[in-house]
Amino acid sequence: MEDKQEHFLLRKHSKVQLDQELRQNVASLYKPQTFQQLPHPTKAEKFKYFNDQLPSRVMAAVVFLLVLTALSSFTELAHAQDAPITRHYKFTIKMKNVTRLCVTKPIITVNGQYPGPRIVAREGDRVVVKVVNHVPNNITIHWHGIRQLRSGWADGPAYITQCPIQSGQIYIYNFTIAGQRGTLFYHAHISWIRATVHGPIVILPKRGVPYPFPKPHKEVPVLFGEWWNKGTEAVISQALRTGGGPNVSDSYTINGLPGHLYNCSSKDTFKLRVRPGKTYLLRIINAALNDELFFCIANHTLTVVEADAVYVKPFRTDVLLITPGQTTNVLLQATPYSPNTTFLMAARPYVTGLGTFDNSTTVGILQYKTKQGQPNSTSLFNNLPLIMPTLPALNDTNFAANFSSKFRSLANSQFPANVPRVVDRRFFFTVGLGSSPCPESQTCQGPNGTKFSASVNNVSFALPATALLQAHFSSQSAGIYTADFPSTPLIPFNYTGTPPNNTKVINGTKVVVLRFNTSVELVMQDTSVLGAEAHPLHLHGFNFFVVGQGFGNYDPIKDPANFNLVDPVERNTVSVPSGGWVAIRFLADNPGVWFMHCHFEVHLSWGLKMAWVVLDGPLPIQRLPPPPLDLPKC
């Protein structure tokens, strides 16, 4: 398709020269040579002139007009095909019975699909998604990683930018994809419904703009997820009621399928069929709820080319590590021949916390096609030797640190790294677990009889009853939120050393207010209050640059000297290292209210979240428009 488009553009490029030549040639037919210029024309000569010349000149005029019309239509067609378009989708939220691991249960889906349908658009396109809620649960959809420039009403987190879409109601999400291309994803953003309500967003470059890497033969979304035999709403409800940790998932999945290592799953195994010698672009998405995942394909090396819908300097790796909320595009080069072997791809967790986890592995099959284009066999493993990939140890933090350090922005003229060099405001946030008191007359299963909690700067975020964005826009924040979120920990301590005796958190709906175009530096520090643990932090409404990271306590005197301000990776989700810190910078150029939270769903449920309020700028294009008429009400 791109080859045809390039041919089209070549034709368009030569159209101007063709237009000029035709105008000159046709105009030459209209040089003012009349019969009066003939030497002493007779009546017979005059009659012959009109009889011979007039029809040809009329025909020339007709041809000229037809050519101009065709050229005009051609130009309009070229511009129309180059211009961004509006793409319409309809998401019907409905229940569907799905069977995995020999257990059939009703799950919430988009259009009856699990995972949900793919959204495809080009950079610059407008996307309009009509969401119709046909389930008893409230629902919202978040378009994870979409910048939502001046379209915060479409961002999706419940009680942050909108009230939920109640049963039987409709809401239309309307946003433009500005300056982004690559892989993102959408998911429900209320309670744990995103376990089954999620799907890929594929953003193609503008027409005629090639990838900055070899063109793949085929592109394949690969979504990691988690499956519970029990309903996820019941799982988190029980955990919040008892104060303990939630039951872990019963399996991991690749594109909704657990793989043959699990019970009753030999037919529920993802297969990737490839042709020898061809290159494939795998659009990898971690939609799991609570686990970072290692991934690799036996005897194959992957080339990383993009992260969170931003191109990166390509690098090769045998193993990929991806946190919940992150996306990574990789090139898979098939061998030049069809090997008599079955290769497995596998994903399993990277574990840093002290709690229980799902210690299992999901697998898929890499199957080579023959020269005739058919698989070697229709059986699951082709009756061929089976090769299992080798994954790092479950707690291999050194691999995690080394892998994350390989990501670098392209930082060239076409794709610059516009990292803020001057910082207007600096913040230091601790992120980690804590506890809250057990209610009277109740026995709790958290630490020392308390309830598990999580916090940023020891503030566990409490969701309001009204969406923050509505309160901010209408200047009615009183009683809904306060603008006193601490910029540093209220009580400093040895964050990665011996934990303090008091593990209690405070609860509140607190935000940070930023002036428009404020350049921000934020250092996020893991704590060992209830055990060191990695935390994938996601920022809505912005991309940020990861300028530094390390282990131990952040040193504000020494560590900034090692910040990368040349080609830092640009992301929307970053993992705060277990027992360490990460530093990011971003420009607050998007007015609205923007959620920031841990993308471990259990930590999000426990309160590891906060919000930034970015004020309007002085110009009309720097201000948040009014809410749409169909914005749901609480």
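Residues numbered from 1 in each chain as written. Predicted model: local features only at pLDDT ≥ 70, side-chain atom pairs only at ≥ 80, totals over all residues. Heavy atoms only, no water.

### Structural notes on the overall build of the protein
This is how the line gets drawn: Each helix is a run of H or I in the DSSP string that is no shorter than four residues. Each strand is a run of E no shorter than two, and both are numbered from the N terminus. Partly exposed residues are those whose accessible area sits between 20% and 50% of the maximum for their type, while under 20% is buried and over 50% is exposed, using a 1.4 Å probe and protein chains only. In what follows, residue pairs with any heavy atoms lying within 4.5 Å of each other are defined as contacts. Reported accessibility uses the Shrake-Rupley method at a 1.4 Å probe radius. Residues are deemed covered only where the shown protein chains occlude them.
Per the secondary structure count, the protein includes 6 helices and 33 strands. Each of the 634 residues in the protein was classed as buried or not, and the buried ones make up 54%. Across the protein, contacts joining residues at least 24 apart in sequence account for 79% of those joining residues at least 6 apart. Here the protein has roughly 27,700 Å² of accessible surface; of this, 54% comes from carbon and sulfur atoms.

### Description of the side chain of Gln326
If you trace the backbone, Gln326 turns up in the loop between β16 (320-322) and β17 (327-333). Owing to a relative accessible area of 6%, Gln326 belongs among the buried residues under this scheme. In this structure Gln326 touches Ile284, Ile285, Asn286, Asp308, Leu321, Arg571, Thr573, Val574 and Ser575, once residues within four positions along its chain are discounted.

### A short note on the pairing of strand β27 (residues 535-539)
Formally: Two strands form a pair only when DSSP identifies at least two bridges running between them.
The buried count for β27 comes to 5 of 5 residues, which makes it a mostly enclosed element. Of the two faces of β27, the one carrying His535, Leu537 and Leu539 and the one carrying Pro536 and His538 are both buried. The sheet contact formed by β27 and strand β30 (residues 573-576) spans 4 bridges and is antiparallel. Looking at β30, one finds that His538 is bridged to Thr573. Pairing of β27 with strand β32 (residues 592-598) involves 3 bridges; the strand directions are antiparallel. Bridging across to β32, His538 finds its partner in His597.

### A short note on the state of the cysteines
For clarity, the cut-off: The disulfide criterion is simple: two cysteine sulfur atoms within 2.5 Å.
Enumeration over the complete set of coordinates arrives at 3 disulfides. Each sulfur in the disulfide pair Cys102 and Cys264 lies 1.8 Å from the other. What sets the handedness of the Cys102 and Cys264 disulfide is the S-S torsion sign, and at about -95° it is left-handed. Taken as a pair, Cys102 in the loop between β1 (86-100) and β2 (103-110) and Cys264 in the loop between β10 (251-254) and β11 (270-274) lie far apart in primary sequence, 162 residues in all.

### Topic: the nonpolar core
Inclusion rule: Among the buried residues, those of types Ala, Val, Leu, Ile, Met, Phe, Trp, Tyr and Cys that are joined through side-chain atoms within 4.5 Å form a nonpolar core.
Core analysis: the biggest nonpolar cluster contains 90 residues, and Phe429, Met524 and Trp612 have the highest contact counts within it. What Met524 contacts, discounting residues up to four positions off in sequence, is Phe429, Leu537, Val574, Val576, Gly580, Trp581, Val582, Ile584 and Met596.

### As for the packing of aromatic side chains
Formally: Classification of ring pairs uses Phe, Tyr and Trp, with its six-membered ring standing for Trp, and accepts pairs whose centres are within 6.5 Å; under 30 degrees between planes counts as stacked, over 60 as edge-to-face, and the remaining range as tilted. The rule is short: NZ of Lys or CZ of Arg within 6 Å of the ring centre and within 35 degrees of the ring normal puts a charge over the ring.
What the rule picks out here adds up to 34 aromatic pairs. Ring pairs connect the aromatic residues Phe427, Phe429, Phe485, Phe542, Phe586, Trp594 and Trp612, which therefore count as one cluster. Across from the ring centre of Trp227, 4.5 Å away, lies the NZ or CZ of Lys105, which sits over that ring. We note Arg571 situated over the ring of Phe407; from NZ or CZ to the ring centre the distance is 5.1 Å.

### Quick look at the sheet that holds strand β15 (residues 310-317)
Going by this rule: To obtain each axis, a line is fitted to C-alpha atoms, and for helices this fit is confined to the stretch in contact; angles are then taken between N-to-C directions over 0 to 180 degrees.
As summarised here, the arrangement of the 6 strands in space is β10-β9-β12-β17-β14-β15, forming an open sheet in which the pairing is mixed. The strands lining the two open edges of the sheet, one partner per strand, are β10 and β15. Put simply, the sheet's adjacent strands are angled 25° from each other on average, direction ignored. Relative to strand β12 (residues 279-286), strand β9 (residues 218-227) runs parallel, the two being bridged by 7 bridges.

### Re the side chain of Asp125
Quick note on the threshold: In protein, a polar contact requires one atom able to donate a hydrogen and another able to accept it; more generally it is a pair of N or O atoms within 3.5 Å, and residues adjacent in sequence count only if both atoms are side-chain atoms.
Within the secondary structure, Asp125 sits in the loop between β3 (119-122) and β4 (126-133). At 3.0 Å, the side chain of Asp125 forms a polar contact with the backbone nitrogen of Ile85. Within polar-contact distance, the side chain of Asp125 engages the backbone nitrogen of Arg122 at 2.8 Å. Among residues more than four places away in sequence, those in contact with Asp125 are Pro84, Ile85, Arg87, Phe175, Thr176 and Ile177.

### Here's the deal with unusual backbone geometry
Note the cis peptide between Tyr114 and Pro115, where omega equals -5°. Inspection of the secondary structure puts Pro115 in the loop between β2 and β3. The phi torsion at Asn299 lies on the positive side, around 60°, for a residue other than glycine. Mapped onto the elements of the fold, Asn299 is located in the loop between β13 (292-297) and β14 (302-307).

### Some words on the pattern of salt bridges
Selection criterion: Between Lys or Arg on one side and Asp or Glu on the other, a salt bridge is scored when a side-chain nitrogen of the former is within 4 Å of a carboxyl oxygen of the latter.
Enumeration over the complete set of coordinates arrives at 11 salt bridges. Glu123 is paired through a salt bridge with Arg181; the nearest N and O atoms lie 3.1 Å apart. Here Glu123, found in the loop between β3 and β4, pairs with Arg181, found in the loop between β6 (170-176) and β7 (182-188); they are 58 residues apart in sequence, far enough to count as distant. The pair formed by Glu123 and Arg181 is uniform in burial state, with each residue classed as buried.

### Some thoughts on the sheet that holds β2
Spatially, β2-β1-β4-β6 is the arrangement adopted by the 4 strands of the open sheet, whose pairing is mixed. At either end of the open sheet lies a strand with only one pairing partner, and these are β2 and β6. For this sheet, the mean inter-axis angle between neighbouring strands, taken without regard to orientation, is 20°. With 8 bridges joining them, β1 and β4 adopt parallel strand pairing. By the bridge assignment, Lys90 is partnered in β4 with Lys130.

### Structural notes on the confidence of the model for the protein
What counts here: Confidence per residue, as judged by the predictor, is encoded in pLDDT with a range of 0 to 100.
For the protein, the mean per-residue pLDDT works out to 89, and 85% of the residues sit at or above 70. Throughout residues 1-40 the model reports pLDDT below 50, and contacts reaching past four residues in sequence, or to other chains, amount to 45 contacts. Residue range residues 45-50 is modelled with pLDDT below 50. Its contacts to residues more than four positions away, or to other chains, number 10 contacts.

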